[in-house]
Amino acid sequence: MNHTVDVPAEPSSFPLVAGRTALIVIDMQRDFLLPGGFGESLGNDVGRLLKVVPPLASLFAAARAAGVMVVHTREGHQPDLSDCPPAKLNRGTPSKRIGDPGRYGRILIRGEYGHDIIDELAPIDGEIVIDKPGKGAFYATSLSDVLTEAGITQLLITGVTTEVCVHTTTREANDRGYQCLVVSDCVGSYFPEFQRVGLEMIKAQGGIFGWVADTSSVIPALARLSSIPA
Ligand code: C5J
């Protein structure tokens, strides 16, 4: 029987299970977060995403200290765009589409500077990085196999953006039977109303997609988990 620590959360407490919990970090990439990058070039205020970085860095430290598996994702495509469906490619402002040149290299193309994770939240040795062509982290990736092999059942979900890749991944995970806690101060949106409603939707109707709590609840629970003898 694995030790469990309950996190105070909405709509009810969330069970953090030792050895069965993973921290999922969605798309904390330069293209979305850096001033002058793709996200900002679309007229977005990247400050709304950057404010996630300090609490997420603290959550990383607590998760790593507790021995929780950390999985990072990056949204992006092959340089020849063969994994980018025309319906995704031909959308948005011409000259600011996937594969076009941007301040930090070709937009959302694997191997480009802008596609990679920001320095403050760079993966450390042993952490898994999942490259995903879609919004959801399970679509066309090895994430399901990675989590199954590690015996993971509980997910702490963080990253950007709340209403797009965080939501899509949470819904995919929920349908696959994972219990998902979305960490509210570690997810960000360019749009304050989407941030608020995105979080409301997850925990509505008795937690239809999962649970919501902030780092003031999750970090102490991780500390309790790390103090439990193996
Ligand atoms: C978007 C994402 N918003 N990571 N990607 O296109 O949410």
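In the block above lies the structure referred to throughout.
One structure accompanies this document, and this report is about it. Quantities reported herein were computed from a predicted structural model and do not represent experimental measurements. (Residues numbered from 1 in each chain as written. Predicted model: local features only at pLDDT ≥ 70, side-chain atom pairs only at ≥ 80, totals over all residues. Heavy atoms only, no water.)

1. Structural notes on the site of the ligand
Next, step 1: Taken together, the neighbourhood of the ligand is formed by Asp27, Phe32, Glu75, Lys135, Val160, Thr161, Val164 and Cys165.
Next, step 2: Here an oxygen atom of the ligand sits 2.9 Å away from a polar atom, N or O, in the main chain of Thr161.
Next, step 3: Protein chains bury 85% of the 230 Å² of accessible surface belonging to the ligand in isolation.
Next, step 4: Here the residues of the shell around the ligand are counted per class, giving four nonpolar, one polar and three charged. (Near = heavy atom within 4 Å. Polar contact = N/O pair within 3.5 Å; in protein donor to acceptor, adjacent residues only side chain to side chain. Areas by Shrake-Rupley, 256 points an atom, 1.4 Å probe, with all protein chains shown as cover. Nonpolar A, V, L, I, M, F, W, Y, C, P; charged D, E, K, R; others polar.)

2. Describing the packing of aromatic side chains
Within a pair of aromatic rings, the relevant descriptors are the distance that separates the centres and the angle that separates the planes.
Next, step 1: Enumeration over the complete set of coordinates arrives at four aromatic pairs.
Next, step 2: Centre to centre, the rings of Phe14 and Trp211 are 5.2 Å apart; their planes meet at 70°, and the pair counts as edge-to-face. Of the two residues, Phe14 sits in strand β2 (residues 14-17) while Trp211 sits in strand β10 (residues 211-213), which places them 197 residues apart along the sequence.
Next, step 3: Aromatic side chains Phe191 and Phe194 sit 4.9 Å apart centroid to centroid with 55° between the ring planes, which places their arrangement in the tilted category.
Next, step 4: Phe194 gets classed as partly exposed once you look at its relative accessible area, which sits at 37%.
Next, step 5: Its end group placed over the ring of Tyr113, Arg30 keeps NZ or CZ at 3.7 Å from the ring centre. (Phe/Tyr/Trp six-rings, centres within 6.5 Å; stacked < 30°, edge-to-face > 60°. Helix = DSSP H or I, 4+ residues; strand = E, 2+ residues; numbered from the N terminus. Buried < 20%, exposed > 50% of the residue type's maximum accessible area, 1.4 Å probe, protein only. Lys NZ or Arg CZ within 6 Å of the ring centre and 35° of its normal.)

Limitation: the analysis is restricted to geometry and does not speak to function.
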